[in-house]
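Fold and contact review
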Amino acid sequence: MSEHGERSAPGKGLVNGLAVTLKTMTRRSTTQQYPDVQPELPPRSRGVIALLEENCTVCMLCARECPDWCIYIDSHKEEVVVPGAARARQRNVLDRFDIDFSLCMYCGICIEVCPFDALHWSPEFEYSELDVLDLLHDKDRLGAWMPTVPPPPAHDVLGEPSKEEATAARKAAGPGAPTAARTARARPETPEPGK
Ligand code: SF4
Ligand code: SF4
(Lines give C-alpha, C1' and ligand atoms only; values in the text may rest on other atoms or scores of the structure.)
(Ligands and ions follow the chains in the order given, each with its own letter.)
Protein backbone atom coordinates (compact mmCIF):
# COMPACT_ATOMS: atom_id res chain seq x y z
CA MET A 1 0.00 0.00 0.00
CA SER A 2 1.47 3.41 -0.99
CA GLU A 3 1.34 6.49 1.29
CA HIS A 4 -1.68 7.75 -0.69
CA GLY A 5 -3.52 4.52 0.01
CA GLU A 6 -3.04 3.05 -3.52
CA ARG A 7 -2.24 -0.65 -3.77
CA SER A 8 1.21 -1.26 -5.40
CA ALA A 9 1.97 -4.16 -7.72
CA PRO A 10 2.69 -7.40 -5.82
CA GLY A 11 6.43 -8.09 -5.41
CA LYS A 12 7.44 -4.49 -6.28
CA GLY A 13 9.08 -3.94 -2.88
CA LEU A 14 11.04 -7.20 -3.22
CA VAL A 15 12.29 -6.19 -6.70
CA ASN A 16 13.31 -2.74 -5.44
CA GLY A 17 15.17 -4.30 -2.50
CA LEU A 18 17.01 -6.76 -4.76
CA ALA A 19 17.95 -3.91 -7.13
CA VAL A 20 19.52 -1.98 -4.23
CA THR A 21 21.39 -5.13 -3.11
CA LEU A 22 22.75 -5.74 -6.62
CA LYS A 23 23.82 -2.11 -7.00
CA THR A 24 25.66 -2.20 -3.66
CA MET A 25 27.33 -5.56 -4.44
CA THR A 26 28.90 -4.23 -7.64
CA ARG A 27 30.20 -1.04 -5.96
CA ARG A 28 33.71 -0.93 -4.46
CA SER A 29 33.67 -1.12 -0.67
CA THR A 30 34.75 2.02 1.20
CA THR A 31 35.28 0.20 4.49
CA GLN A 32 38.78 0.64 5.91
CA GLN A 33 40.24 -2.20 7.97
CA TYR A 34 41.35 0.01 10.87
CA PRO A 35 43.45 -0.63 13.02
CA ASP A 36 45.19 -3.09 10.66
CA VAL A 37 45.19 -0.45 7.92
CA GLN A 38 45.82 3.14 8.97
CA PRO A 39 43.48 5.73 7.46
CA GLU A 40 44.92 8.22 5.00
CA LEU A 41 44.13 11.50 6.71
CA PRO A 42 44.68 14.94 5.24
CA PRO A 43 48.05 16.22 6.51
CA ARG A 44 46.49 19.13 8.40
CA SER A 45 43.83 17.07 10.21
CA ARG A 46 42.81 18.24 13.68
CA GLY A 47 43.88 15.19 15.62
CA VAL A 48 45.42 16.57 18.80
CA ILE A 49 47.05 19.78 20.03
CA ALA A 50 50.83 19.66 20.39
CA LEU A 51 52.85 22.08 22.54
CA LEU A 52 56.27 23.51 21.72
CA GLU A 53 57.17 24.34 25.31
CA GLU A 54 60.19 26.55 24.58
CA ASN A 55 57.98 28.92 22.57
CA CYS A 56 55.45 29.38 25.37
CA THR A 57 55.85 32.66 27.29
CA VAL A 58 52.92 31.92 29.65
CA CYS A 59 50.99 34.89 28.25
CA MET A 60 47.74 33.01 29.10
CA LEU A 61 46.00 34.12 25.90
CA CYS A 62 45.08 30.56 24.88
CA ALA A 63 43.62 29.75 28.32
CA ARG A 64 41.62 32.99 28.35
CA GLU A 65 40.21 32.54 24.84
CA CYS A 66 39.38 28.83 25.12
CA PRO A 67 35.56 28.67 25.06
CA ASP A 68 35.56 25.48 27.15
CA TRP A 69 38.08 26.60 29.78
CA CYS A 70 39.91 23.33 29.32
CA ILE A 71 43.49 24.69 29.30
CA TYR A 72 45.17 24.81 32.72
CA ILE A 73 48.40 26.79 33.08
CA ASP A 74 50.60 27.39 36.14
CA SER A 75 53.90 29.22 36.20
CA HIS A 76 56.37 31.02 38.44
CA LYS A 77 58.71 33.96 37.90
CA GLU A 78 62.45 33.58 37.67
CA GLU A 79 65.16 36.25 37.79
CA VAL A 80 67.60 36.33 34.91
CA VAL A 81 70.80 38.27 35.53
CA VAL A 82 71.98 39.88 32.31
CA PRO A 83 75.67 40.90 32.47
CA GLY A 84 75.95 44.69 32.16
CA ALA A 85 72.22 45.32 32.74
CA ALA A 86 71.19 47.75 35.51
CA ARG A 87 68.89 45.21 37.15
CA ALA A 88 67.91 41.58 36.80
CA ARG A 89 65.15 40.69 34.36
CA GLN A 90 62.22 38.45 35.15
CA ARG A 91 60.85 35.66 33.03
CA ASN A 92 57.94 33.27 33.37
CA VAL A 93 58.71 29.60 33.80
CA LEU A 94 55.99 27.15 32.79
CA ASP A 95 55.14 24.69 35.57
CA ARG A 96 51.93 23.23 34.24
CA PHE A 97 50.26 23.22 30.81
CA ASP A 98 47.39 20.72 30.65
CA ILE A 99 44.60 20.35 28.13
CA ASP A 100 41.50 18.36 29.04
CA PHE A 101 40.59 16.62 25.79
CA SER A 102 37.34 15.34 27.29
CA LEU A 103 36.13 18.98 27.17
CA CYS A 104 38.05 20.27 24.14
CA MET A 105 35.85 20.79 21.08
CA TYR A 106 38.78 21.10 18.65
CA CYS A 107 37.80 24.61 17.60
CA GLY A 108 41.45 25.64 17.18
CA ILE A 109 41.01 29.05 18.83
CA CYS A 110 43.95 28.43 21.20
CA ILE A 111 46.22 27.68 18.24
CA GLU A 112 44.99 30.73 16.32
CA VAL A 113 45.50 33.17 19.19
CA CYS A 114 48.91 31.96 20.39
CA PRO A 115 51.25 34.81 19.39
CA PHE A 116 54.39 32.67 19.69
CA ASP A 117 53.50 29.55 17.64
CA ALA A 118 53.66 27.35 20.72
CA LEU A 119 50.52 25.34 19.86
CA HIS A 120 50.10 23.26 16.71
CA TRP A 121 47.65 20.75 15.24
CA SER A 122 48.97 17.22 14.96
CA PRO A 123 47.07 14.61 12.88
CA GLU A 124 47.69 12.04 15.66
CA PHE A 125 44.36 10.64 16.82
CA GLU A 126 45.17 7.42 18.67
CA TYR A 127 44.98 8.65 22.25
CA SER A 128 41.67 7.25 23.39
CA GLU A 129 41.44 6.19 27.03
CA LEU A 130 39.20 3.83 28.95
CA ASP A 131 38.64 6.43 31.67
CA VAL A 132 37.50 9.93 30.66
CA LEU A 133 39.65 11.40 33.46
CA ASP A 134 42.75 10.13 31.66
CA LEU A 135 42.09 12.54 28.79
CA LEU A 136 43.74 15.34 30.76
CA HIS A 137 47.16 15.55 29.13
CA ASP A 138 50.13 17.43 30.54
CA LYS A 139 52.89 19.43 28.86
CA ASP A 140 55.15 16.38 28.46
CA ARG A 141 52.48 14.46 26.60
CA LEU A 142 51.54 17.52 24.52
CA GLY A 143 55.24 18.05 23.76
CA ALA A 144 55.69 14.42 22.70
CA TRP A 145 53.22 15.06 19.87
CA MET A 146 55.38 17.85 18.37
CA PRO A 147 57.37 15.50 16.05
CA THR A 148 54.07 14.44 14.43
CA VAL A 149 53.19 18.03 13.44
CA PRO A 150 53.55 18.40 9.66
CA PRO A 151 55.84 21.18 8.39
CA PRO A 152 54.04 24.38 7.41
CA PRO A 153 53.05 24.72 3.76
CA ALA A 154 55.64 26.34 1.53
CA HIS A 155 55.42 30.11 1.19
CA ASP A 156 53.61 31.35 -1.92
CA VAL A 157 56.41 32.59 -4.20
CA LEU A 158 54.13 35.32 -5.54
CA GLY A 159 52.97 36.38 -2.06
CA GLU A 160 54.42 39.20 0.05
CA PRO A 161 57.48 38.24 2.13
CA SER A 162 56.84 37.69 5.83
CA LYS A 163 57.84 40.44 8.28
CA GLU A 164 60.83 38.33 9.42
CA GLU A 165 62.01 37.75 5.83
CA ALA A 166 61.67 41.44 4.97
CA THR A 167 63.66 42.42 8.09
CA ALA A 168 66.40 39.86 7.32
CA ALA A 169 66.64 41.08 3.71
CA ARG A 170 66.89 44.70 4.89
CA LYS A 171 69.62 43.84 7.39
CA ALA A 172 71.53 41.94 4.71
CA ALA A 173 71.24 44.90 2.32
CA GLY A 174 72.81 47.30 4.86
CA PRO A 175 71.70 50.38 6.84
CA GLY A 176 70.99 52.53 3.76
CA ALA A 177 68.53 50.05 2.24
CA PRO A 178 65.02 51.48 1.77
CA THR A 179 62.31 50.20 4.12
CA ALA A 180 58.71 49.76 3.01
CA ALA A 181 57.76 52.93 4.95
CA ARG A 182 60.57 54.97 3.38
CA THR A 183 59.65 53.70 -0.08
CA ALA A 184 56.02 54.71 0.49
CA ARG A 185 57.08 58.21 1.67
CA ALA A 186 59.38 58.65 -1.33
CA ARG A 187 56.69 57.57 -3.80
CA PRO A 188 55.16 60.65 -5.56
CA GLU A 189 51.43 61.01 -5.08
CA THR A 190 49.29 59.96 -8.00
CA PRO A 191 47.42 63.04 -9.34
CA GLU A 192 43.65 62.73 -9.06
CA PRO A 193 41.86 62.44 -12.40
CA GLY A 194 40.89 65.87 -13.78
CA LYS A 195 43.63 67.80 -11.84
S1 SF4 B 1 40.77 23.65 20.52
FE2 SF4 B 1 39.24 25.09 21.33
S3 SF4 B 1 38.24 24.00 23.00
FE4 SF4 B 1 40.15 22.88 22.54
S5 SF4 B 1 41.65 23.70 23.94
FE6 SF4 B 1 41.82 24.90 22.06
S7 SF4 B 1 40.44 26.67 22.37
FE8 SF4 B 1 39.93 25.13 23.92
S1 SF4 C 1 48.96 31.61 24.00
FE2 SF4 C 1 50.83 30.48 23.40
S3 SF4 C 1 52.49 31.53 24.50
FE4 SF4 C 1 50.56 32.17 25.47
S5 SF4 C 1 50.28 30.71 27.18
FE6 SF4 C 1 49.19 29.87 25.41
S7 SF4 C 1 50.66 28.49 24.42
FE8 SF4 C 1 51.83 29.82 25.81
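The structure displayed is predicted, hence computed values, not measured ones.

**Points about the overall build of the protein**
A count of helices and strands for the protein gives six helices and five strands. The order of helices and strands in the protein, counted from the N terminus, is α-β-α-β-β-α-β-β-α-α-α. Burial status across the protein gives 22% buried among its 195 residues. The contacts of the protein with a sequence gap of at least 6 include a subset with a gap of at least 24, amounting to 68%. In the structure as shown, the protein presents an accessible area of about 15300 Å², 56% of it carried by carbon and sulfur atoms.

**With respect to the pairing of strand 1 (residues 48-51)**
For a regular strand, the rule is simple: side chains alternate between the two faces of the sheet. Here strand 1 shows a buried face lined by Val48 and Ala50 and a second buried face lined by Ile49 and Leu51. Two elements, strand 1 and strand 4 (residues 119-122), share four bridges in a ladder whose sense is antiparallel. Pairing of Ile49 across the sheet is with Trp121, part of strand 4.

**Points about the sheet that holds strand 5 (residues 136-137)**
Ordered by their spatial adjacency, three strands build an open sheet running 2-3-5, and the pairing between neighbours is antiparallel. The strands lining the two open edges of the sheet, one partner per strand, are strand 2 (71-80) and strand 5. Note that strand 2 and strand 3 (residues 89-100) share ten bridges and pair antiparallel. Bridging from a neighbouring strand, Glu79 pairs with Gln90 of strand 3.

**Topic: the UniProt feature "binding site: [4Fe-4S] cluster 2" (unreviewed entry) in the protein**
In the numbering adopted here, UniProt assigns the feature "binding site: [4Fe-4S] cluster 2" (unreviewed entry) to Cys66, Cys104, Cys107 and Cys110. The greatest C-alpha distance among the annotated residues, which extend across 45 residues, is 10.5 Å, indicating that they converge on a single site. By the secondary structure assignment, Cys66 is in the loop between helix 2 (61-65) and strand 2. Apart from the residues lying within four places of it in its own chain, the contact partners of Cys110 are Ile49, Cys62, Ile71 and Leu119.

**A few points about the site of ligand 1**
Surveying the vicinity of ligand 1 reveals 13 residues, the closest of which are Cys66, Cys104, Cys107, Gly108 and Cys110. Partitioned by chemical class, the residues of the shell around ligand 1 number eleven nonpolar, one polar and one charged.

**Describing the side chain of His137**
Looking at the element boundaries, His137 is found in strand 5. A distance of 3.3 Å separates the side chain of His137 from the side chain of Arg141, its partner in a polar contact. In this structure His137 touches Phe97, Asp98, Ile99, Phe101, Tyr127, Glu129, Leu142 and Trp145, once residues within four positions along its chain are discounted.

**Here we look at the site of ligand 2**
Around ligand 2 there are 14 residues in total, and Cys56, Cys59, Met60, Cys62 and Cys114 lie nearest to it. Of the residues belonging to the shell around ligand 2, the class tally is 13 nonpolar, one polar and no charged.

**Comments concerning the state of the cysteines**
Taken as a whole and assessed by the stated rule, the structure comprises zero disulfides. This cysteine, Cys70, is not joined by any disulfide, and Cys66 carries the nearest cysteine sulfur, 3.7 Å off. Look at Cys70 and you get buried, because its relative accessible area is 3%.

About the cut-offs
- Residues numbered from 1 in each chain as written.
- Chains lettered and ligands numbered in written order.
- Predicted model: local features only at pLDDT ≥ 70, side-chain atom pairs only at ≥ 80, totals over all residues.
- Heavy atoms only, no water.
- Helix = DSSP H or I, 4+ residues; strand = E, 2+ residues; numbered from the N terminus.
- Buried < 20%, exposed > 50% of the residue type's maximum accessible area, 1.4 Å probe, protein only.
- Contact = heavy atoms within 4.5 Å.
- Areas by Shrake-Rupley, 256 points an atom, 1.4 Å probe, with all protein chains shown as cover.
- Pairing = 2+ DSSP bridges.
- UniProt positions renumbered as here; feature names shortened; annotations may be inferred.
- Near = heavy atom within 4 Å.
- Nonpolar A, V, L, I, M, F, W, Y, C, P; charged D, E, K, R; others polar.
- Polar contact = N/O pair within 3.5 Å; in protein donor to acceptor, adjacent residues only side chain to side chain.
- Disulfide = S-S within 2.5 Å.

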